[in-house]
Amino acid sequence: MKHKAVVMGASSGLGREVAERLIKEGWQVGIAARRENALKTINVPGAEPPIVAQIDITQEIAANQLRDLIEKMGGIDLYFHASGIGWQNPKLNESKELTTVNTNGMGFTRMVGEAFRWMTTHGGGHIAVISSIAGTKGLGQAPSYSATKAYQNTYIQALEQLSHSRDLKITFTDFRPGFVDTALISGSHFPMTMTPNHVADDVMKALRRRSHVHIIDWRWRILVSAWRLLPSFLWRRLHLIKMK
C-alpha cells in the first residue's frame, strides 16, 4: 500500500522540492497552495500525478479544505507544512508585520491543528513543518518573522507533549533551516546560504528517521548552539542581518 502525504505550500521553494521527491519515491501526494497554476506545473514523469488543491491558509475555510483533500486521498500518513512568508522589515511596515503573523501564526495553527485533529481519530501519523533557526532569538531585521518561527517551534513541541500524554500515535518533526536562497533574503549576500535543493535532500533523510527537531545543516547547528549561550545584553548589540 502506498504511503500518502499532503504537502501544504507546494507551489514553490522547499515545499515544491519535497513534494517532487515524495512523488519520485512512489508516495501518493496531495499538493496544496494559494497559487493553483503553479501547483499544476508539478509533473514527475512516470509517477502518479499529485492531487491538486487550491488552499489559502489565511482563510477560515482552509481547515475544511484540508480535511476535504485528506478524505479525497483516502487518508494520509504525513502532513508536511511548508507554507509561510516573511520579509526583512526593519522599518516595521505594518502590513508586512501583520501579514506575516496571519500566515505564520494563524494560518500555521489552523492547518497543523486540523491535521492533528484528523490524525487523532484515524490512527495517528506524522506531522512535519518547516520553521527556521530564526525562532532561536529575536532578529531585529525581521521581527514578526523570527517571532512567528519561535511560536511554531513551541507549538510543535506542545503538540508533541499533548500527543504523548494522550498516547496518540502522532510523531512530529520541526525542521529549522538556516539561510535558504528564497525570497526572504533575495538580493542579500549572507554567509552559509543553502540552496532549496540541498535543504530538501536533508529534509528527506530526516523524515525517514522521524527526527524531532532538525536544524539544517551542521554549520547552523554549531552557530545556533552559540546563539543560545549569548546573554541578552550581547545579543541586542549584534547586527546579524544587514539590508542590501
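Preceding this paragraph is the structure being described.
Criteria and thresholds
Residues numbered from 1 in each chain as written. Predicted model: local features only at pLDDT ≥ 70, side-chain atom pairs only at ≥ 80, totals over all residues. Heavy atoms only, no water. Helix = DSSP H or I, 4+ residues; strand = E, 2+ residues; numbered from the N terminus. Rg over C-alpha atoms; globule rule 2.2 N^0.38 Å. Buried < 20%, exposed > 50% of the residue type's maximum accessible area, 1.4 Å probe, protein only. Areas by Shrake-Rupley, 256 points an atom, 1.4 Å probe, with all protein chains shown as cover. Axes fitted to C-alpha atoms, helices over the stretch in contact; angles between N-to-C directions. Parallel < 35°, antiparallel > 145°, perpendicular 65-115°, else oblique. Left-handed = near helix turned anticlockwise from the far one by under 90°. Contact = heavy atoms within 4.5 Å. Nonpolar A, V, L, I, M, F, W, Y, C, P; charged D, E, K, R; others polar. Polar contact = N/O pair within 3.5 Å; in protein donor to acceptor, adjacent residues only side chain to side chain. Phe/Tyr/Trp six-rings, centres within 6.5 Å; stacked < 30°, edge-to-face > 60°.

Participant: Requested: an account of the overall build of the protein, with residues and values cited.
Facilitator: Summing up its helical and strand segments, the protein has eight helices and seven strands in all. By the compact-globule yardstick of 18 Å for 244 residues, the protein fits well, its C-alpha radius of gyration being 18 Å. Seen through its principal axes, the protein has C-alpha atoms that stretch 55 × 40 × 35 Å. Across the 244 residues of the protein, 50% fall into the buried class. When the accessible surface of the protein is split by element, carbon and sulfur atoms take 53% of a total near 12200 Å².

Participant: Describe in detail unusual backbone geometry, supporting the description with residues and values.
Facilitator: One non-glycine residue with positive phi stands out, namely L92, at about 55 degrees. Take L92: it is sitting in the loop between β4 (78–81) and α4 (94–120). A positive phi angle is found at D167, which is not glycine, with a value near 55 degrees. For D167, a relative accessible area of 67% corresponds to the exposed category.

Participant: Which residues make up the packing of α4 against helix α5 (residues 143–165), and what values do they have?
Facilitator: The geometry of a pair of packed helices is captured by two quantities: the angle between their axes and the separation between those axes. For the pair α4 and α5, interaxial distance at closest approach is 9 Å and the crossing angle is 15 degrees. Considered as vectors, α4 and α5 are oriented roughly parallel to each other. In this structure, α4 crosses over α5, and the sense of that crossing is right-handed. Residues K96, E97, T100, V101, N104, G105, F108, T109, V112, G113 and F116 of α4 form the contact with α5, whose participating residues are P143, S144, Y145, T148, K149, Y151, Q152, Y155, I156, L159, L162 and S163. For the contact of α4 with α5, the residue count by class is 11 nonpolar, nine polar and three charged.

Participant: I'd like to hear about the environment of I127, residue by residue, with values.
Facilitator: Relative to the assigned elements, I127 resides in strand β5 (residues 125–130). In this structure the C-alpha to C-alpha distance between I127 and I55, which are 72 residues apart in sequence, comes to 18 Å. Leaving out residues up to four positions away in the same chain, I127 has contacts with Y79, V112, A115, F116, M119, I170, T171, F172 and T173.

Participant: Which residues make up the environment of T41, and what values go with them?
Facilitator: With respect to the helices, strands and loops of the structure, T41 is situated in the loop between α2 (36–39) and β3 (51–54). Note: C-alpha distance between T41 and S11 (30 residues apart in sequence) is 8.6 Å. A polar side-chain atom of T41 sits 2.8 Å from a polar atom in the side chain of R16.

Participant: Hey, could you go over the packing of aromatic side chains for me, with residue numbers and the actual values?
Facilitator: Counting across every chain of the model gives five aromatic pairs. Taken together, a centroid distance of 6.1 Å and an interplanar angle of 75 degrees make the contact between F108 and Y155 edge-to-face. Taken as a pair, F108 in helix α4 and Y155 in helix α5 lie far apart in primary sequence, 47 residues in all. Judged by its relative accessible area of 0%, F108 is buried. Looking at Y155, the relative accessible area reads 21%, which means it is partly exposed. When the centroid spacing of 6.3 Å and the interplanar angle of 25 degrees are considered together, the rings of F116 and F172 count as stacked. With F116 in helix α4 and F172 in strand β6 (residues 170–177), the pair connects residues that are 56 residues apart, well separated along the chain. Ring-pair connections join several aromatic residues into one group, and the members of that group are F108, Y151 and Y155.

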